[in-house]
Amino acid sequence: MNNFFKLKENGTTVSREIIGGITTFLAMAYILSVNPNILANEITGLNWNSVFTATAVSAGIATLVMAFLANLPVALAPGLGLNAFFTYTVCAGMGCSAAFALTAVLVEGIIFILLSLFGVREAIIKSIPTGLKKAVSVGIGLFITIIGLVNAGIVKTDLGTPVGFVNFTADNASATVAIIGLVITIVLFILKVPGSILIAIALTTIIGIPFGVTSVAKDWTPFSTPAEPHLFHFAFGEAFSSSGMILKFIVVMITFLFTDMFDTLGTLMGIAEQGNLKDSSGNIRNAKGALMADSVGTVVGACLGTSTVTSFVESTSAVAAGARTGLASVVTAVLFFISLFLTPLFAIIPAAATAPALIFVGFLMMKSVTEIDFKDPTEGVPAFITIMVMPFSYSIAKGIAWGVISYVIAKCAGKKAKEIPVVTWILAVIFLADIIFESCK
């Protein structure tokens, strides 16, 4: 074990790795209930228990791949933001089926594998403007926050104003419980309690019982046999049925592709910086293996019936606990597999308990806004438009599309067209064609 994971070489021990792996699982286990709550509903037609299985298995497999290919203490699972894009933009907004969205995720994952193998993925990431990368992260954070507020019943549109907060009365018990949960989450996070988000979800679920928000059957048991996932639930026929659908498929696939790219790279860079997990050149250690784990996880997740799998920033908790190698990832993966037999335990968690997690993750994703150069309007304006459009249009895709288009316009107006990467020009043309196509329907 010491030789394989190079524990001594990385200045760590078995006990530190085990503690780090457990800490990461506790910090990100909320995804086991949050992901099914977002993906499994009347909009997608997916089954909650099946998505739960897909979430746990894809997380376990991807994290194991990270352990053995990259030897990094990084855990993966279906990412927040991308699952919201899956449900609320692709299925609800575009009117596509869940099978269509899963097909886009599968193709994205396969492309990721090829790009990772040939080192193209890193080159593409470098060609995307930094300001837009940061803006995408912030915009997704606000989009997730809106979803959390709506799911909890805190924000409604029938209050006499376009958007408003409800009164926290007995008639809005879900909203009240969610606010209590958010307060708990904030307090635990500030106190640096390990697994603060998961603990807050558990406490909020219990608090929801006397409010009538959490329902527990008399014959309830926390143990069960894992449900069968939505295996190979694809729709290539729908995706390529017409020129319009092909264009829509390309837009969806590219959105998954680049959003996942930015999310993964940012996470890996942050973890590498925190734990000094860099090579002699100052680059992320075993970056190709880490990106491959992300790619394989996405393909596996698509085949099982869940949205894009990505590296989780909560892995920084393992590094903070002293973990430095893939052994910590092995521990985290094993815990995800064990959770498969605890589906009912996660199923009783109401939306009011997971909504605070969504809102708080929105706060965590806001940090990137400080790295955007708002003093330069050719950088600041496109970033602002990206951030603004996502929550107000209720669409991550529209935010990225208008952000890229406005970036090209701003740079040209500022006589800085030479700063526009070729890939950005291509994306702008694709997104503009999609907007024109939608307007002509």
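Residues numbered from 1 in each chain as written. Predicted model: local features only at pLDDT ≥ 70, side-chain atom pairs only at ≥ 80, totals over all residues. Heavy atoms only, no water.

A. A look at the overall build of the chain. Secondary structure assignment for the chain yields 20 helices and four strands. Computed over its C-alpha atoms, the radius of gyration of the chain comes to 21 Å, within 12% of the 22 Å expected for a compact globule of 441 residues. Dimensions of the chain, computed from C-alpha atoms along their principal axes, come out at roughly 60 × 60 × 45 Å. Counting over 441 residues, the chain shows a buried share of 58%. Here the analysis covers contacts within the chain between residues at least 6 apart in sequence; of these, 79% occur between residues at least 24 apart. (Helix = DSSP H or I, 4+ residues; strand = E, 2+ residues; numbered from the N terminus. Rg over C-alpha atoms; globule rule 2.2 N^0.38 Å. Buried < 20%, exposed > 50% of the residue type's maximum accessible area, 1.4 Å probe, protein only. Contact = heavy atoms within 4.5 Å.)

B. Spatial organisation of the side chain of Thr354. Along the chain, Thr354 turns up in helix H17 (residues 351-365). The exposure class of Thr354 is buried, given its relative accessible area of 4%. A distance of 3.3 Å separates polar atoms of two side chains, one belonging to Thr354 and the other to Asn37. Aside from chain neighbours lying at most four places away, what touches Thr354 is Ser33, Val34, Asn37 and Ile349. (Polar contact = N/O pair within 3.5 Å; in protein donor to acceptor, adjacent residues only side chain to side chain.)

C. How the structure looks around the nonpolar core. Membership of the largest hydrophobic core comes to 90 residues, with the highest contact counts inside it found for Tyr30, Leu80, Phe86, Phe100, Phe256 and Phe431. The contacts of Phe256, once residues within four sequence positions are left out, are Leu82, Phe85, Phe86, Ala101, Ala104, Val105, Glu108 and Thr308. Judged by nonpolar contacts, the second largest core, of 18 residues, contains Leu76, Leu268, Ile271 and Ala290. (Core = buried A, V, L, I, M, F, W, Y, C linked by side-chain atoms within 4.5 Å.)

D. Up close: unusual backbone geometry. A positive phi angle is found at Asn71, which is not glycine, with a value near 55°. The class for Asn71 is buried, based on a relative accessible area of 12%. Of note, the phi angle at Lys415 is positive, near 55°, even though the residue is not glycine. Among the secondary structure elements, Lys415 is positioned in the loop between helix H19 (396-413) and helix H20 (422-439).

E. Structural detail: the confidence of the model for the chain. Counting all residues, the mean pLDDT for the chain is 89, and 97% of those residues have values of 70 or more. Mean pLDDT in the chain bottoms out at helix H7 (residues 120-127), which sits at 65, and peaks at helix H4 (residues 48-69), which reaches 97. (pLDDT = per-residue confidence, 0-100.)

F. Layout of the pattern of salt bridges. Inspection of every chain in the model, using the stated rule, returns four salt bridges. The salt bridge partner of Lys411 is Glu379, with a shortest N-O separation of 3.0 Å. Of this pair, Lys411 sits in helix H19 while Glu379 sits in helix H18 (residues 377-393); the two residues are 32 residues apart in sequence, bridging distant segments of the chain. Looking at Glu379, the relative accessible area reads 18%, which means it is buried. (Salt bridge = Lys/Arg side-chain N within 4 Å of Asp/Glu carboxyl O.)

G. Spatial organisation of the environment of Glu238. With respect to the helices, strands and loops of the structure, Glu238 is situated in helix H11 (residues 236-239). Residue classification places Glu238 among the partly exposed positions, given a relative accessible area of 25%. For the pair formed by Glu238 and Thr169, sequence separation is 69 residues and the distance between their alpha carbons is 46 Å. In this structure Glu238 touches Cys96, Ser97, Phe100 and Met245, once residues within four positions along its chain are discounted.

H. Fine view of the packing of helix H8 (residues 130-151) against H18. Where H8 contacts H18, the two axes come as close as 7 Å, and the packing angle between them is 20°. Regarding the angle of H8 to H18, the classification is roughly parallel. Between H8 and H18 the crossing geometry is right-handed. Two secondary-structure elements touch here, H8 through Gly131, Leu132, Ala135, Val136, Val138, Gly139, Ile140, Leu142, Phe143 and Ile146 and H18 through Glu379, Pro382, Ala383, Thr386, Ile387, Met390 and Pro391. Counted by class, the contact of H8 with H18 contains 13 nonpolar, three polar and one charged residues. (Axes fitted to C-alpha atoms, helices over the stretch in contact; angles between N-to-C directions. Parallel < 35°, antiparallel > 145°, perpendicular 65-115°, else oblique. Left-handed = near helix turned anticlockwise from the far one by under 90°. Nonpolar A, V, L, I, M, F, W, Y, C, P; charged D, E, K, R; others polar.)

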